[in-house]
Amino acid sequence: MKKPFVTLEKAQELIREYPTPFHLYDEKGIRENARRLREAFSWNPGFKEYFAVKANANPFVLRILNEEGCGCDCSSMTELMLSEAVGITGSDVMFSSNDTPPEEFKKAAELGAYINLDDITQIPVVEKVLGSFPKTMCCRFNPGGIFQMSNGIMDNPGDAKYGMTRSQIAEAFRILMDKGVEQFGIHAFLASNTVTNEYYPKLASILFELAVELNKETGAHISFINLSGGIGIPYLPDQEPNDISVIGDGVHRCYDEILGKAGMGDVKIFTELGRYMLAPYGCLVTTAINEKHTYKEYIGVDACAVDLMRPAMYGAYHHITVLGKEDQPCDHMYDVTGSLCENNDKFAIDRMLPAIEQGDILVIHDTGGHGYSMGYNYNGKLRSAEILLREDGSAQLIRRAETPRDYFATFDCFDILRDMKYND
Ligand SMILES: *Cc1c(COP(=O)(O)O)cnc(C)c1O
């Protein structure tokens, strides 16, 4: 059963200071999970996790992860700026972008980040903006076709916009070597939110074999393999979670069998996990503010899809706990809705929950990754606050809620809005 990391009493205490809705993060959970990941890959001396900033772009979160040995995986100018602001630079930054504006390569190079090229056509672009290449470059691979494992089709790389074909990546290595690049990385992301211990070892074996082949074909020295993101979490209460130590062991076995045998036992393993690092350690705290009894039973809450887009966008399941009613029978069927003028603004459809009254506090689970960071301002909705529950039990506001002033801030060109008296 899924249990929230916040109690009713603690939530009530927080709400007296910070009105709902807000995202709440669990520092202890974040740190312990990051340590488990490090332990699972400790067999590889060069191992490093580059946290996918897009999953949770809060500087306080980045700092906590950095203290646990993680770097940043950035994909845009502002993510690079954020990483720099937190003091995470140099080889602690991976720049894995696509459809990249040229000036972002420049910023990445200034930080000393690893540049992960999504496509062979980016080679002349990077050469033009940088003048020359860094000593180390990474290339993203896309094997095409359908990515299948024993438990069925995982994803469809042949349809994905990312990465280079097999012949392109070899060609890219040759061109880059010609231009003075000395060390190479290989990256691929073939399936998202995988809840199976087999995904990473399978992906790893594909990339390890590719590394051996590319080394033979081009003579390139491969210094790291970036397994990217994609390790998932159990959003559903009856799902078996991934076991990171089993995953680490699985990758280790493939490493010894493929790279070890080929005399390439010095390759570093990198990861770019986002969801796995943060999603379970965040939740969206919201209050039931309306009820409605028409063709269905509705509970309206004060959060909406701008705070958490996944249910509306992917039909994703997020577990809901009504605080203080954990032990009551789930004998009421509700649609739990937000207030957007969009019928897909529902956090749950036909969900069995305890009887909900106005004023009840609901916890929507697993919003620490791809939650707040996917937020937007549709319907003039304002982004919520983010609060960190520290290890000592205290709470820290790590991002305030937006106010109308923030919403109108970009209307500089309209005097009437610029001068509006929205002071809070
Ligand atoms: C989204 C993304 C990640 C993180 O994915 P998760 O599913 O959150 O682990 C890592 N690398 C790249 C290039 C991505 O686009």
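All of these numbers come straight from a predicted model, not from anything done at the bench. (Residues numbered from 1 in each chain as written. Predicted model: local features only at pLDDT ≥ 70, side-chain atom pairs only at ≥ 80, totals over all residues. Heavy atoms only, no water.)

1. Considering the sheet that holds strand 5 (residues 114-117)
What counts is decided by this rule: DSSP-based pairing: two strands are paired if at least 2 bridges between them are found. Secondary structure is summarised from DSSP: a helix means a run of H or I of at least four residues, a strand means a run of E of at least two, and numbering begins at the N terminus for each. Helix axes are fitted to C-alpha atoms over the stretch in contact, other axes to C-alpha atoms as well, and angles between N-to-C directions run from 0 to 180 degrees.
Read once around its circumference, the closed barrel built from eight strands follows the order 2-3-4-5-6-9-10-11, with strand pairing classed as parallel. Strand-to-strand twist in this sheet, taken as the mean axis angle between neighbours without regard to direction, amounts to 25°. Here strand 5 runs beside strand 6 (residues 136-140); their pairing, made up of two bridges, is parallel. Note on strand 6: the bridge partner recorded for asparagine 116 is cysteine 138.

2. Re the domain arrangement of the chain
Note the threshold: Throughout the structure description, domain borders are defined by an automatic or database domain assignment. Contacts are assigned to residue pairs with any non-hydrogen atoms lying within 4.5 Å of each other. A carboxyl oxygen of Asp or Glu within 4 Å of a side-chain nitrogen of Lys or Arg is what we treat as a salt bridge. Any pair of N or O atoms that falls within 3.5 Å is considered a polar contact. Within protein, one atom must be able to donate a hydrogen and the other to accept it, and sequence-neighbouring residues count only if both atoms are side-chain atoms.
Domain assignment breaks the chain into domain 1 (27-278) and domain 2 (280-411). The C-alpha-based centres of domain 1 and domain 2 are spaced at 32 Å. Contact with domain 1, which involves 24 residues of that partner, is made by 21 residues of domain 2. Across the contact surface, domain 1 and domain 2 share two salt bridges. A salt bridge links glutamate 27 to arginine 390; the shortest N-O distance between them is 2.8 Å. Linking domain 1 with domain 2 are 12 residue pairs in polar contact (both at pLDDT 80 or more), by the criterion used here. For the side of domain 1 that touches domain 2, the elements supplying multiple residues, two or more each, are helix 2 (27-40), helix 3 (59-67) and helix 10 (275-278).

3. With respect to the environment of aspartate 335
Definition in use: Burial status follows relative accessibility: with a 1.4 Å probe on protein chains alone, a residue under 20% of its type maximum counts as buried, one over 50% as exposed, and anything between as partly exposed.
Mapped onto the fold, aspartate 335 is located in strand 15 (residues 332-337). Aspartate 335 sits in the buried class, given a relative accessible area of 0%. If we skip the residues at most four places from it in the chain, aspartate 335 touches Lys296, Glu297, Tyr298, Ile299, Lys346, Ala348, Ile349 and Asp350. A distance of 3.0 Å separates polar atoms of two side chains, one belonging to aspartate 335 and the other to lysine 346. Of the polar contacts made by the side chain of aspartate 335, one reaches the backbone nitrogen of aspartate 350; its length is 2.8 Å.

4. Regarding the site of the ligand
Where we set the bar: By convention in this text, a residue qualifies as near a molecule or strand provided that one of its non-hydrogen atoms is within 4 Å of it. The Shrake-Rupley method, run with a 1.4 Å probe sphere, supplies the accessible areas, and residue values consider only the shown protein chains as cover. Residues are sorted three ways: Asp, Glu, Lys and Arg are charged, Ala, Val, Leu, Ile, Met, Phe, Trp, Tyr, Cys and Pro are nonpolar, and all the rest, Gly among them, are polar.
Of all residues adjacent to the ligand, which total 15 residues, the nearest are Lys54, Glu272, Gly274, Arg275 and His370. Between the ligand and lysine 54, the relevant distance is 2.7 Å, taken from an oxygen atom to a side-chain nitrogen or oxygen of the residue. Within the backbone of glycine 230, a nitrogen or oxygen atom sits 3.0 Å from an oxygen atom of the ligand. A total of 390 Å² of accessible area belongs to the ligand in isolation, and the protein chains cover 91% of it. Here the residues of the shell around the ligand are counted per class, giving three nonpolar, seven polar and five charged.

5. Focus on the packing of helix 5 (residues 102-111) against helix 6 (residues 122-130)
For clarity, the cut-off: What sets the label is the angle itself: under 35 degrees gives roughly parallel, over 145 gives roughly antiparallel, 65 to 115 gives roughly perpendicular, and the rest give oblique. Less than a right angle of anticlockwise turn of the near helix away from the far helix marks a crossing as left-handed, whereas a clockwise turn marks it as right-handed.
Here helix 5 crosses helix 6 at 60°, and the two axes come no closer than 9 Å. By the angle between their axes, helix 5 is oblique relative to helix 6. The two elements helix 5 and helix 6 cross, and the hand of that crossing is right-handed. Here Pro102, Phe105, Lys106 and Ala109 of helix 5 lie close against helix 6, whose contacting residues are Gln122, Val125, Val126, Val129 and Leu130. Of the residues contributing to the contact of helix 5 with helix 6, the split by class is seven nonpolar, one polar and one charged.

6. Considerations on the nonpolar core
Counted only if it meets this: Take the buried residues of types Ala, Val, Leu, Ile, Met, Phe, Trp, Tyr and Cys, join any two whose side-chain atoms come within 4.5 Å, and each joined set is a nonpolar core.
Counting residues in hydrophobic clusters, the biggest one holds 87 residues, and the most contacted among them are Phe41, Ile186, Tyr200, Phe208 and Met277. A per-element tally of this core places helix 8 (residues 199-218) first, with 10 residues. Shared between two domains, this core takes at least three residues from each, and those domains are domain 1 (27-278) and domain 2 (280-411). If near-sequence neighbours (up to four positions away) are discounted, tyrosine 200 is found in contact with Phe41, Leu227, Ser228, Gly229, Ile231, Ile247, Val251, Thr271, Glu272 and Leu273. Within the second largest apolar cluster, 16 residues are counted, among which are Ala288, Tyr334, Phe347 and Ala348.

7. Comments concerning the pattern of salt bridges
Under the counting rule described, the total for this entry stands at 23 salt bridges. A salt bridge links lysine 10 to glutamate 13; the shortest N-O distance between them is 3.4 Å. Pair noted here: lysine 10 and glutamate 13 are both in helix 1 (residues 8-17), with a separation of three residues, about one helical turn. With relative accessibility at 18%, the residue lysine 10 sits in the buried group. Among the salt bridges present, the one from arginine 399 reaches glutamate 386, with a minimum N-O distance of 2.8 Å. Taken as a pair, arginine 399 in strand 19 (residues 395-399) and glutamate 386 in strand 18 (residues 385-389) lie far apart in primary sequence, 13 residues in all. The exposure class of arginine 399 is partly exposed, given its relative accessible area of 28%. Several salt bridges converge on common partners, so that one network encompasses Glu27, Arg31, Arg35, Glu67, Glu68, Arg390 and Glu391.

8. Observations regarding the pairing of strand 11 (residues 268-271)
Note the cut-off: Clockwise travel from the first strand over the helix to the second, with the strands pointing away from the viewer, marks a crossover as right-handed.
Examined bridge by bridge, strand 2 (residues 48-52) and strand 11 share two bridges and lie parallel to one another. Bridge pairing in strand 11 places lysine 48 opposite phenylalanine 270. As judged from the three bridges shared by strand 10 (residues 221-226) and strand 11, these two strands associate in the parallel manner. Bridge pairing in strand 11 places isoleucine 225 opposite isoleucine 269. Regarding the hand of the β-α-β motif, the stretch spanning strand 10, helix 9 (residues 244-260) and strand 11 is right-handed.

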